[in-house]
Amino acid sequence: MKQDSDATTVPACFISNHEGFLGSIKNFIKDFVVTEIDTSGQRVNTATNTPDSASSDENNETGAECKWNNHSSQDNDVAADCGLDVTIPSPGSFDLSVILGQSVSEELEQFVLTLKEKPTKQELSLGSFTDKHHRANVHRAVRHRFPFLMTVTIQPEIRVREDPDYRELSQLVTEDEAEDFFRFIDAKVRGSSYTFGPDDDKDHRTVVHHFLSRRFGKLVETKSFTDQGTTAISVRLREQGRPKKRSAEERKEEEVYTGFTLRKENLETLEAISYMAASLGVLPSDFTYAGIKDKRAITFQSMVVKKVSTQRLKEKMAEFERRGMCVTQIRSVSEQLRLGRLQGNHFDLVVRDLRPHGDTHSSAADTHTRLAALVKEAVENVKARGFVNYYGPQRFGSVKSVQSDRVGLALLKEDMVSAVRLFFTPEDLSDPVNNAKRHFIQTDNAKESLALMPLSKARERLMLRAMNRYGTGADGCTQGWLSLPHSMRVFYPHAYCSRVWNEAVAHRLSTLGHRARRGDLVWLQEDSAESSLPQIHVVTDQEEQEEVYTLGHVLMPMPGNTVKYPENAMGAWYQERLSRDGLDGCRFRVSNLKLNLPGCHRPLLASPRNLSYQLQRAACGEAGEEESTGNSSRNSDRQLNGTTAEGKLTLTLNFDLDSSCYATICLREIMKCDP
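Residues numbered from 1 in each chain as written. Predicted model: local features only at pLDDT ≥ 70, side-chain atom pairs only at ≥ 80, totals over all residues. Heavy atoms only, no water.

As recorded in an unreviewed UniProt entry, the protein chain goes by Pseudouridylate synthase PUS7L and comes from Notothenia coriiceps. The UniProt entry for the protein chain carries this comment under Catalytic activity (unreviewed entry): "a uridine in mRNA = a pseudouridine in mRNA". (UniProt positions renumbered as here; feature names shortened; annotations may be inferred.)

Caption draft 1: Here's a closer look at the packing of aromatic side chains. Applying the stated criterion to the full structure yields 25 aromatic pairs. Here the aromatic rings of Tyr391 and Tyr662 are separated by 6.3 Å at their centres, their planes lie at 70°, and the arrangement is edge-to-face. Here Tyr662 lies in the loop between strand E25 (649-658) and helix H22 (663-671) and Tyr391 lies in the loop between strand E15 (387-388) and helix H13 (404-412), a separation of 271 residues in the sequence. A relative accessible area of 0% means that Tyr391 is categorised as buried. The rings of Phe146, Phe148, Tyr166, Phe181, Phe182, Phe184, Tyr194, Phe196, Phe211 and Phe216 are connected pair by pair, giving a single aromatic cluster. The ring of Phe396 carries Arg499 above its face, with NZ or CZ at 5.4 Å from the centroid. Positioned above the aromatic ring of Tyr391, the side-chain terminus of Arg602 is 3.8 Å from the ring centre. (Phe/Tyr/Trp six-rings, centres within 6.5 Å; stacked < 30°, edge-to-face > 60°. Helix = DSSP H or I, 4+ residues; strand = E, 2+ residues; numbered from the N terminus. Buried < 20%, exposed > 50% of the residue type's maximum accessible area, 1.4 Å probe, protein only. Lys NZ or Arg CZ within 6 Å of the ring centre and 35° of its normal.)

Caption draft 2: Layout of helix H17 (residues 458-470). Across its 13 residues, H17 extends 18 Å between first and last C-alpha, which sits within 8% of the 18 Å expected from 1.5 Å per residue. When H17 is considered as a whole, its buried residues turn out to be Arg459, Glu460, Arg461, Leu462, Met463, Leu464, Ala466 and Met467. Close packing links the buried residues of H17 with helix H9 (269-280), helix H14 (416-423), helix H15 (432-443), helix H16 (446-452), helix H18 (474-482) and helix H19 (486-512). In the segment just after H17, Gly471 is the residue with positive phi, at about 95°. (Expected span 1.5 Å × (residues − 1). Contact = heavy atoms within 4.5 Å.)

Caption draft 3: Quick peek at unusual backbone geometry. One non-glycine residue, Lys594, adopts positive backbone phi at about 55°. Along the polypeptide, Lys594 turns up in the loop between strand E19 (589-590) and strand E20 (595-596). One non-glycine residue, Ser660, adopts positive backbone phi at about 70°. Turning to its location among the elements, Ser660 is positioned in the loop between E25 and H22.

Caption draft 4: Broad picture of the sheet that holds strand E21 (residues 600-603). With antiparallel pairing, the 4 strands of this open sheet are ordered in space as E17-E16-E18-E21. Of all strands in the sheet, those bounded by a partner on one side alone are strand E17 (536-538) and E21. Within the sheet, the average angular offset between the axes of one strand and its neighbour, ignoring direction, is 50°. Bridge analysis of strand E16 (residues 521-523) against E17 gives 3 bridges, and the strand direction is antiparallel. In the sheet register, Leu521 faces E17, and the bridge partner there is Val538. Lying over the sheet, H19 contacts strand E18 (554-558) and E21, oriented at roughly 145° with respect to E18. (Pairing = 2+ DSSP bridges. Axes fitted to C-alpha atoms, helices over the stretch in contact; angles between N-to-C directions.)

Caption draft 5: A look at the pairing of strand E2 (residues 32-37). In terms of burial, E2 is a largely internal element, 6 of the 6 residues being buried. Across the two faces of E2 the burial is the same, with Phe32, Val34 and Glu36 and Val33, Thr35 and Ile37 all buried. Across 6 bridges, E2 lies against strand E14 (residues 344-355) in antiparallel orientation. Residue pairing across strands places Ile37 opposite Gly344, the latter belonging to E14.

Caption draft 6: Quick look at the pattern of salt bridges. Within this structure, the stated rule accounts for 36 salt bridges. Note that Arg370 is salt-bridged to Glu19, the shortest N-O span being 2.6 Å. Accessibility expressed as a relative area gives 35% for Glu19, which makes it partly exposed. The shortest N-O distance in the salt bridge between Arg263 and Glu265 comes to 3.6 Å. On the accessibility criterion, Arg263 (4% relative accessible area) is buried. For Glu265, a relative accessible area of 18% gives the class buried. Three or more residues joined by partner-sharing salt bridges are found here, namely Glu123, Glu157, Arg159 and Arg161. (Salt bridge = Lys/Arg side-chain N within 4 Å of Asp/Glu carboxyl O.)

See below:
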């Protein structure tokens, strides 16, 4: 059974009245497998071509095989159920120990420390890099991490030395300003600008203007401006400026898109991306995907990475496999993936240790017979009636001390400091992650907490690194949130809106029943097949009386700035619920974090497709004698939770769901409990 926190996240409200049964899921890693279904209706672990793939056969690398056994499927696609079209504009982070190797990375760190203490004209060799893409990534990673260094290629060797321009500028402005300026120069975003801190000394501003004009005049133009009594220098990248040290080869490299199928085991999607990005020397934002998959499962999903060739990705396959990832179907594609660009997900689930609800003293044979009847009734009911389309517990994060929706509420109130402190609230454990969080909460020392935080915790480290630079006040916490990719930032406000949606649905069913009522929202039914996009329609009195619409047609709004609310008692309920959390008149925009939440109209009910099941008898931790059709399989992978009792029944379920529907919620309706 789930923890109590899960029960409060997902209300106990069902659509069918069958008895259900008890059981446990995710006893073994293979017990929960999810496979993405692409827009053409194919499962991504079997599709050999996609509509996005390049036409040239020589670029289609579909022959790569995963060495792992392809067991059958898991939960959760936190995809773009609100229709968001997101490309993540994150600054990201580079793990130089992965890109350069641990020893070279440590040598580089020591070289940097020496430079800080005593400037020198010495150089450090980072080694030889024969692959041009790898060389470009090393240049980018080193300059991003240490903007005061100059990287030089003496083919195939890369050397670093102090950039004399940086040294000169850092004597005119603060070191933080010098670093930020060089990152701005290196990014080469045309038409962008950078503003130094206030400087009311005209003579000093003149010296800075002359330096920038002399060293970067072909790239930038500068001017002084006065705002509210203070004067500062603003630098704008010229529209026709050409990137320094940027060849045609490097420009062409940024147009490369490589598609692949990722199989991951017991890893979060964003955790897998962070590792792959560090290994390939690109940003996490260079990866795009159709949906986020659950951690505690085996998952298959499509991804696209830019600025990485098919050959370069293939070279990393063995390294990824050691980290619980397998990359297959590597191919050149013409564009990035977009969040929500999938038809749905296919699930293969195993429920073990089946038993009826309540105490039973029946014989094993009688219990098995009763369970077979209970399972059949439950599956047939859900096939016919569907299930309440709640957001699953995964939507609200795995940390039990603070649910992600509370962080999201603080962000919607634009209380950045409270949001950060909620994010870093530790659990009552003494592992390295919680010790680092506890140290931050107790001391407010981002630098020391960063040193304690494990390298695998990408989100926490990005935020701590930003707050170490900008402080832990309101502005520093804002910079901490901005250091995260857009998809990570928006997760928290979405979690809050999802909780409100779950509560609204439970209230709607308990007060208005299981029929479509006047004032409910539905998609407008058009007689013409050539009608344009569907429109929201409000159910009328006459339509309620004539039962034109059923509960399966009803839509419930997830709060946002573009949604229409029901024109019945539920409309007032939404207003009161948001008001209770201090969100009266909320615009559902967090301008400082570049977040906009339009909201969406989510169907109240969802239905599984292609639902089938097998009931088998388990013995000694293995699936044994079959109770119905299907083949038994050995449970050879590692166990996650306990053991399967001898003689107990095991249920295997296979079905498809639309994107953003949760398999655990479907299973909850079948079993009438939290699995």
